[in-house]
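Observations on the three-dimensional arrangement
Chain by chain, the residues run as shown.
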Amino acid sequence: MLGLFVGLLALPALFVASSPSVAADEQPTGGRVPTVTRLVKLFLEKEASLGAAVRNGDATALGELLSDDFELRTGARAASPIARADWMRELLGTRDPGGEISRIAVHDFGTIAIASFTKDAAGGLVFVVDVWRAQGTDWRLAVRYASPAGSPAFAIPGGSATEPQIPKKY
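Residues numbered from 1 in each chain as written. Predicted model: local features only at pLDDT ≥ 70, side-chain atom pairs only at ≥ 80, totals over all residues. Heavy atoms only, no water.

1. Comments concerning the pairing of strand β4 (residues 112-121)
Selection criterion: By this definition, two strands are paired if DSSP reports at least two bridges between them. Helix numbering and strand numbering both begin at the N terminus, where a helix is a DSSP run of H or I of at least 4 residues and a strand a DSSP run of E of at least 2.
Judged from the ten bridges that link them, β4 and strand β5 (residues 124-135) form a sheet pairing that is antiparallel. The partner of Ala-115 across the bridge, within β5, is Asp-130. Linking two consecutive strands that pair antiparallel, namely β4 and β5, is a turn of two residues.

Pasting the structure below:
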């Protein structure tokens, strides 16, 4: 079970959206295209750095991106978080940062930033939420939540994959 989620844990961000919430692969209404802000660029670089550290098998670089109390949580093992050392060992052993991610959004809450995205994995679509905590002038990944994505109708009754039921705010 751990192996399924290990490959989803250091995914390089190809697109990142801005606060409060912008999906990178969805065209906003009115034909407006979201612009990349300083914050978006920052977390794009952080997600890409996670992927590079894994690809290179660089424990030092990966460790510098994580908070000391980092943990991975999954829906299937909600009561059993995966500790930082275990996550790093498993992930660095694979050297597989995962593939392309999509539907990324970033929410800025001052000293906390939350990046969420979906990932097409071998086992199906996965939803990932990264909680980044400011530490001095830098950011560290504090918690990663990763679980198979549910039906779009799950969170929004009557919703569909192509027609969001709650309008996005840009």
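There is more to say, and it comes next.
2. Description of the confidence of the model for the chain
For clarity, the cut-off: Residue-level confidence of the predictor, termed pLDDT, takes values from 0 up to 100. Pairs of residues are marked as contacts when any of their non-hydrogen atoms sit within 4.5 Å.
On average, residues of the chain score 76 in pLDDT, and 66% of them are at 70 or above. Counted against residues more than four places away or in other chains, residues 4-29, with its pLDDT under 50, gives 103 contacts.

3. A closer look at helix α2 (residues 38-55)
For the record, the criterion: Multiplying 1.5 Å by the residue count of a helix minus one yields the expected span of that helix. Working definition: with a 1.4 Å probe on protein chains only, accessible area under 20% of the residue-type maximum means buried, over 50% means exposed, and in between means partly exposed.
Taking 1.5 Å of rise per residue, 18 residues should cover 26 Å, and α2 covers 26 Å from first to last C-alpha, within 8% of that figure. All buried positions along α2 are accounted for by Leu-39, Val-40, Leu-42, Phe-43, Lys-46, Glu-47, Leu-50, Gly-51, Ala-53 and Val-54. Once α2 ends, the next one or two residues include Gly-57, with phi positive near 65°.

4. Things to note about helix α4 (residues 84-94)
The condition that has to hold: Taken from the helix axis, the directions to the C-beta atoms give the arc we talk about.
Of all the residues in α4, the buried ones are Trp-87, Met-88, Leu-91 and Leu-92. The arc that holds the buried residues of α4, viewed along the axis, is 115°, so those residues lie on one side. Away from its buried face, by an angle of more than 90 degrees, α4 presents the exposed residues Ala-85, Arg-89 and Gly-93. Directly beyond the C-terminal end of α4, a positive phi value near 55° is found at Arg-95.

5. Some points on the side chain of Arg-144
This is how the line gets drawn: Whenever a nitrogen or oxygen atom comes within 3.5 Å of another N or O atom, the pair is scored as a polar contact, on the condition that within protein one atom can donate a hydrogen and the other can accept it, and that pairs from neighbouring residues in sequence are kept only if both atoms are in side chains.
Tracing the backbone through its elements, the reader meets Arg-144 in strand β6 (residues 138-148). A polar atom in the side chain of Arg-144 sits 3.4 Å from the side chain of Glu-47.

6. Focus: the packing of aromatic side chains
Note the cut-off: Under the pairing criterion, centres of Phe, Tyr and Trp rings, with the six-membered ring standing for Trp, must be within 6.5 Å; the plane angle then separates stacked pairs below 30 degrees from edge-to-face pairs above 60, leaving the rest tilted.
Following the criterion strictly, the structure yields three aromatic pairs and no others. Aromatic side chains Phe-43 and Trp-139 sit 5.1 Å apart centroid to centroid with 70° between the ring planes, which places their arrangement in the edge-to-face category. With Phe-43 in helix α2 and Trp-139 in strand β6, this residue pair connects regions lying 96 residues apart in the sequence. When the ring of Phe-70 is compared with that of Trp-87, the centres are 4.7 Å apart and the planes differ by 45°; the resulting orientation is tilted. A residue pair is termed long-range when its members are at least 10 positions apart, and Phe-70 in strand β1 (residues 66-73) and Trp-87 in helix α4 qualify at 17 residues. With respect to class, Phe-70 is no different from Trp-87; both count as buried.

7. A closer look at the pairing of β6
Relative to β6, β1 runs parallel, the two being bridged by four bridges. What sits directly across from Glu-71, in β6, is Val-143. The turn joining β5 and β6, which pair antiparallel and follow one another in sequence, is formed by two residues; a positive phi near 70° is taken by Gly-136.

8. Section: the pattern of salt bridges
Rules: We define a salt bridge as a side-chain nitrogen of Lys or Arg found within 4 Å of a carboxyl oxygen belonging to Asp or Glu.
What the rule picks out here adds up to seven salt bridges. Taking the shortest distance from any N to any O, the salt bridge between Glu-47 and Arg-144 comes out at 3.4 Å. Here the residue Glu-47 occupies a position in helix α2, and Arg-144 occupies one in strand β6, the gap between them amounting to 97 residues. The same class applies to Glu-47 as to Arg-144, namely buried. Ionic pairing is found between Arg-144 and Asp-130, a salt bridge with its closest N-O pair at 2.5 Å. Taken together, the positions of Arg-144 in strand β6 and Asp-130 in strand β5 put the pair 14 residues apart, joining distant regions of the chain.

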